[in-house]
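# Chains, contacts and geometry: an overview
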Amino acid sequence: MSIEAVTIPKWGMTMTEGIVADWLVAEGDEVSRGQEIIEVESTKTTNAVESAATGILRRIVVQVGDTAPVGALVGVIADASVSDEDIDAFIASFADANGAAVEEDPNAPSVKAVDVGDGRVVNVLTMGAEADESVVLIHGFGGDLSTWLFNQDAFAKDYRVVAVDLPGHGASTPIQGSNVFEDLVSAVDRALETVAPGKIHLVAHSFGGAVAAALAARQSGRVASLSLIAPVGLGKQINKTFLDDFISAERRRPLKEVLERLLADPSKISNDMIEGTLRFKRLEGVPEALSAIRDTIVDADGQQRHWIAGTIADFNGPVALIWGEKDQIVPLPGEQQIPSQAKLKVVSAVGHMPQMEAASEVNALVLENIAQAK
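As a starting point, this report considers the structure included with it. Only a predicted model underlies this, so the values are computations on that prediction, with no experimental measurement involved.

Moving on to the overall build of the chain. When helices and strands are tallied, the chain shows 11 helices and 16 strands. A compact globule built from 374 residues would reach a C-alpha radius of gyration of about 21 Å, and the chain, at 21 Å, matches this within 12%. Along the first, second and third principal axes, the C-alpha atoms of the chain reach 70 × 45 × 40 Å. Relative to its full complement of 374 residues, the chain shows a buried share of 54%. Counting contacts in the chain only where the partners sit at least 6 residues apart, residues at least 24 apart contribute 68% of the total. Summing over all exposed atoms, the chain offers an accessible surface of approximately 16300 Å²; the carbon and sulfur share of this is 45%. Between the averaged position of the 30 positive side-chain charges in the chain and that of its 53 negative side-chain charges there is a distance of 7 Å.

Laid out in structure tokens, this is it:
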């Protein structure tokens, strides 16, 4: 007898509940392991949950529009041979949708501030015990480590995971001065020496791609692979207006309009994501840090300053480039701008953040690239 629970996942440190936004299959439908079967809305955005088993969706426990705590049972997958009585008994024995306590996962994420000198800290999230290899996640301009909510668990199944708040972002110390980019990279480098001392696989998004390339140039002996999602530094074109508007938006409505440019489906931008970004932008030193970082990304003519193709060409490891087909921020570079050893995958129907809009596909591509370093 095979019975499998469908539950509300935990995406990020602060997620305590989720809303069932949509069931993608109906009761009685056959489902396959890895198939997206339900969409759950968190405080960040909406994402699909995959089936952990092959079978039949025998019971929907939580209906569309209802809220359930993390870990709560929302559906049941079972073989046709399982009786309705056995399904009922399984549901009765499980933590119900109203929220019985869920046992803590010993590999759950933990967050700490790493001292990188001069009174500054870099905020990092770690998952899993210390290991010889770590997957390091580096977000882009205006983001934070929660960018990777829908990816970190997939990577943590086989690797230790470290997600970083770049200086000037999240809970890391704001940064400014005459050498902003170099100081930012140095701070991240020092933090990683503390929390990820072995081999590292860098997974980076947008501006984070330039940071990852700089780290790879510095630490060529221990960077094992590069998985770059819509990175800056391969072409000259970039949507400077987005950067400017993100910095200047001080109220909810204009910021919502800016954030919607990140996704092909703007309805996935949640109210909590907007409010959280506003709170971050109002912290002391953050507006100045964002402006300084913007000026390291684009020049006065609105062209990209970074060039990472040379670093990629010299890199002795697998390189994956992943781009959303509908990216409005960093356009897909021309064929002649892509280093020959890099493998490019364009993800259809998503925007600048495919790691959120097409998490399953991106996770598979990243893990495939990491495996090539073995």
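Still more ground to cover, so stick around.
Glancing now at the environment of phenylalanine 155. Topologically, phenylalanine 155 is positioned in helix 2 (residues 152-156). The exposure class of phenylalanine 155 is buried, given its relative accessible area of 1%. Note: C-alpha distance between phenylalanine 155 and serine 134 (21 residues apart in sequence) is 9.5 Å. In contact with phenylalanine 155, not counting residues within four places along its chain, are Val135, Leu137, Val161, Asn363, Val366 and Leu367.

Moving on: the packing of aromatic side chains. For any two aromatic rings, the description comes down to two numbers: the centre-to-centre distance and the angle of the planes. Within the structure shown, the criterion is met by 3 aromatic pairs. Taking 6.0 Å as the distance between ring centres and 65 degrees as the angle between the ring planes, the aromatic pair formed by phenylalanine 181 and phenylalanine 207 counts as edge-to-face. With phenylalanine 181 in helix 3 (residues 180-195) and phenylalanine 207 in helix 4 (residues 207-218), the pair connects residues that are 26 residues apart, well separated along the chain. Neither residue differs from the other here; phenylalanine 181 and phenylalanine 207 are each classed as buried. Each residue in the set Phe141, Phe242 and Phe246 is aromatic and connected to the rest through ring pairs, giving one cluster. In this structure, lysine 281 is placed above the aromatic ring of phenylalanine 246, and the distance from its NZ or CZ to the ring centre is 5.8 Å.

Bringing helix 8 (residues 286-297) into the picture now. With 12 residues, helix 8 should reach 16 Å at 1.5 Å per residue; the first-to-last C-alpha distance of 17 Å fits that figure. If you check which residues of helix 8 are buried, you get Val286, Ala289, Leu290, Ala292, Ile293, Arg294, Thr296 and Ile297. At its buried positions, helix 8 is contacted by helix 3, helix 4, helix 5 (240-248) and helix 7 (271-281).

Below, the discussion takes up the packing of helix 6 (residues 252-260) against helix 7. The contact between helix 6 and helix 7 brings their axes to 10 Å, and the two run at 110 degrees. If you check the angle between helix 6 and helix 7, you find them roughly perpendicular. Facing helix 6, whose interface residues are Arg252, Leu255, Lys256 and Leu259, helix 7 presents Asn271, Ile274, Glu275, Thr277, Leu278 and Lys281. Looking at the contact of helix 6 with helix 7 residue by residue, the classes come out as 4 nonpolar, 2 polar and 4 charged.

This part is about the pairing of strand 15 (residues 319-324). Along any regular strand the residues' side chains alternate between the sheet's two faces. Of all 6 residues in strand 15, 6 are buried; the element is thus mostly enclosed. What you see with strand 15 is no split at all: Val319, Leu321 and Trp323 on one side and Ala320, Ile322 and Gly324 on the other are buried throughout. Relative to strand 15, strand 14 (residues 223-229) is paired through 4 bridges, and the arrangement is parallel. Bridge pairing in strand 15 links isoleucine 229 to isoleucine 322. When strand 15 meets strand 16 (residues 342-347), the two strands line up parallel, connected through 6 bridges. The residue of strand 16 that forms the bridge with valine 319 is alanine 342.

Calculation rules
Residues numbered from 1 in each chain as written. Predicted model: local features only at pLDDT ≥ 70, side-chain atom pairs only at ≥ 80, totals over all residues. Heavy atoms only, no water. Helix = DSSP H or I, 4+ residues; strand = E, 2+ residues; numbered from the N terminus. Rg over C-alpha atoms; globule rule 2.2 N^0.38 Å. Buried < 20%, exposed > 50% of the residue type's maximum accessible area, 1.4 Å probe, protein only. Contact = heavy atoms within 4.5 Å. Areas by Shrake-Rupley, 256 points an atom, 1.4 Å probe, with all protein chains shown as cover. Lys, Arg positive; Asp, Glu negative; His and termini not counted. Charge placed at Lys NZ, Arg CZ, Asp CG, Glu CD. Phe/Tyr/Trp six-rings, centres within 6.5 Å; stacked < 30°, edge-to-face > 60°. Lys NZ or Arg CZ within 6 Å of the ring centre and 35° of its normal. Expected span 1.5 Å × (residues − 1). Axes fitted to C-alpha atoms, helices over the stretch in contact; angles between N-to-C directions. Parallel < 35°, antiparallel > 145°, perpendicular 65-115°, else oblique. Nonpolar A, V, L, I, M, F, W, Y, C, P; charged D, E, K, R; others polar. Pairing = 2+ DSSP bridges.

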